[in-house]
Amino acid sequence: MRLIQLSFASRLVALVAALSVGATLMSSILLSWSNYRAMLAEAEVEGESVARLLARSASLARELPLEVEQMLSQHMIVSAELLAQFVDAAEKAGMTSAEIKSRLRAITEKTVLDEFWVTDEKGYAYIHGDNHTDFQFSASDEDQPQAHEFWKLLSGKTNTVVQDARKREIDNERFKYVGVRGIDKPRIVQVGYNARILEKVDEQIGLPRAIDNLLGSGEIDAIFVFIKDSKLIASPKAARLNNGRDQLTDEELAPVRTVIASGKPRSVNSAGKLSVISPIDAEDGGGAIGAALIRMPTARLN
């Protein structure tokens with residue numbers, strides 16, 4: 001009888017111990033899960049804050065390149081006017097076209113100015129820096145989608161033409177041109193910059209640099225910025241090499257479209273990562289014009 005009592009007591013003690021350990025483990029698991037959920041919620045809040053900040057930066061970054069190009073346009077007008085004055089004075093002083101070209105090429109070799117084009121009354125460019133190009137301006141927008149706009153300087157319809165950066169007919173390179181009317185006679189006096197100068201400005205003060213700086217902390221894995229049609233316009237450098245899409249999942253892209261349509265932030269929690277998507281709102285209150293996606297690792301939350 002005593003042995004039976006001891007055996008029962010031993011089993012009872014073992015059962016109580018197991019229940020105690022089980023309860024402790026369950027409490028620990030629940031506490032850990034609760035802490036994880038709390039940290040995940042906090043990470044979502046932090047991600048939304050970064051996304052909203054980046055969204056504001058994206059809105060500003062859309063305006064900065066335009067403002068920089070407008071400032072560049074004003075400087076190019078001055079350069080074109082000075083070129084028109086120089087050509088007028090040089091020809092009246094008896095300088096040949098070859099001598100004028102040589103002087104002007106010396107300027108383009110030393111400065112950021114890439115090109116100069118000076119025509120006669122018929123639009124033939126007889127003074128320019130490219131010895132291998134023979135160019136005649138035309139009034140036909142079909143033949144010259146880019147260059148025909150400067151024909152207005154010959155007809156007297158305007159004294160200045162400022163053109164946005166675009167592809168040109170002779171080689172499909174992107175250039176920005178500004179032209180003025182001649183001083184002594186109707187002619188096109190034009191200066192040009194390769195559009196790379198504007199792209200460098202965007203890299204230095206635009207979204208790409210902001211993204212790279214934010215990624216330097218190690219707290220964020222990747223950042224992607226989209227415009228209204230869900231087109232990707234900014235991403236980490238490695239992703240930009242492959243258009244960024246190869247690093248974005250369908251699970252992330254679907255909420256991007258939803259966020260832009262609704263104007264409300266969303267988050268996607270998947271294996272080892274948390275993606276927070278925030279809308280980029282128009283400054284005039286006209287609704288979302290894009291979205292910013294912040295991807296953060298969740299391993300540090302465990």
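Owing to the predicted nature of the structure, the values given are computational and were not obtained by experimental measurement. (Residues numbered from 1 in each chain as written. Predicted model: local features only at pLDDT ≥ 70, side-chain atom pairs only at ≥ 80, totals over all residues. Heavy atoms only, no water.)

Caption draft 1: Expanded view of helix α7 (residues 250-262). Compared with the 18 Å implied by 1.5 Å per residue over 13 residues, the 18 Å span of α7 between its first and last C-alpha is a close match. For α7, the set of buried residues is E252, L253, P255, V256, V259 and I260. For α7, the angular spread of buried residues about the axis comes to 165 degrees, placing them on one side. Opposite the packed face of α7, turned more than 90 degrees from it, sit the exposed residues D250 and A261. (Helix = DSSP H or I, 4+ residues; strand = E, 2+ residues; numbered from the N terminus. Expected span 1.5 Å × (residues − 1). Buried < 20%, exposed > 50% of the residue type's maximum accessible area, 1.4 Å probe, protein only. Arc of directions from axis to C-beta.)

Caption draft 2: Looking closely at the nonpolar core. By size, the foremost hydrophobic cluster in this structure holds 23 residues, and its most contacted members are L83, I127 and V191. Within the residue set of this core, elements represented by two or more residues are α1 (2-92), α2 (97-110), β1 (115-119), β2 (125-128), β5 (174-181) and β6 (188-194). At 8 residues, α1 tops the list of elements feeding residues into this core. Counting residues in hydrophobic clusters, the runner-up holds 13 residues, among them A222, L232, V256 and I260. (Core = buried A, V, L, I, M, F, W, Y, C linked by side-chain atoms within 4.5 Å.)

Caption draft 3: Just α2, in detail. Taking 1.5 Å of rise per residue, the 14 residues of α2 would be expected to cover 20 Å, and the 20 Å separating its terminal C-alpha atoms lies within 8% of that figure. If you check which residues of α2 are buried, you get I100, K101, L104 and T108. Take α2 and look down its axis: the buried residues cluster within an arc of 95 degrees, on one side only. Exposed residues on α2 whose side chains face more than 90 degrees from its buried face are A98, R103, E109 and K110.

Caption draft 4: Region of the structure containing the pattern of salt bridges. The tally for this structure, following the rule as stated, stands at 9 salt bridges. Among the salt bridges present, the one from E69 reaches K176, with a minimum N-O distance of 3.3 Å. Of this pair, E69 sits in helix α1 while K176 sits in strand β5, placing them 107 residues apart in sequence. Between E115 and R168 there is a salt bridge, with the nearest N and O atoms lying 2.6 Å from each other. Here the residue E115 occupies a position in strand β1, and R168 occupies one in the loop between β4 (166-167) and β5, the gap between them amounting to 53 residues. Pair check on accessibility: E115 and R168 agree, each one buried. Overlapping salt bridges bring together E91, D184 and R187 as one network. (Salt bridge = Lys/Arg side-chain N within 4 Å of Asp/Glu carboxyl O.)

Caption draft 5: The arrangement of unusual backbone geometry in detail. Even without a glycine there, the phi angle at N172 is positive, about 65 degrees. Note on placement: N172 falls in the loop between β4 and β5. Since its relative accessible area comes to 52%, N172 is described here as exposed.

Caption draft 6: Up close: the packing of aromatic side chains. In total, this model carries 3 aromatic pairs according to the counting rule given. With centroids separated by 5.9 Å and ring planes inclined at 65 degrees, the aromatic side chains of W117 and F135 adopt a geometry described as edge-to-face. In this pair, W117 sits in strand β1 while F135 sits in the loop between β2 and α3 (152-155), placing the two residues 18 residues apart along the sequence. Considered together, W117 and F135 belong to a single accessibility category, that of buried residues. A ring pair is formed by F135 and F137, whose centres lie 4.9 Å apart and whose planes are at 85 degrees; its orientation type is edge-to-face. Ring pairing ties together the aromatic residues W117, F135 and F137, which thus form one cluster. (Phe/Tyr/Trp six-rings, centres within 6.5 Å; stacked < 30°, edge-to-face > 60°.)

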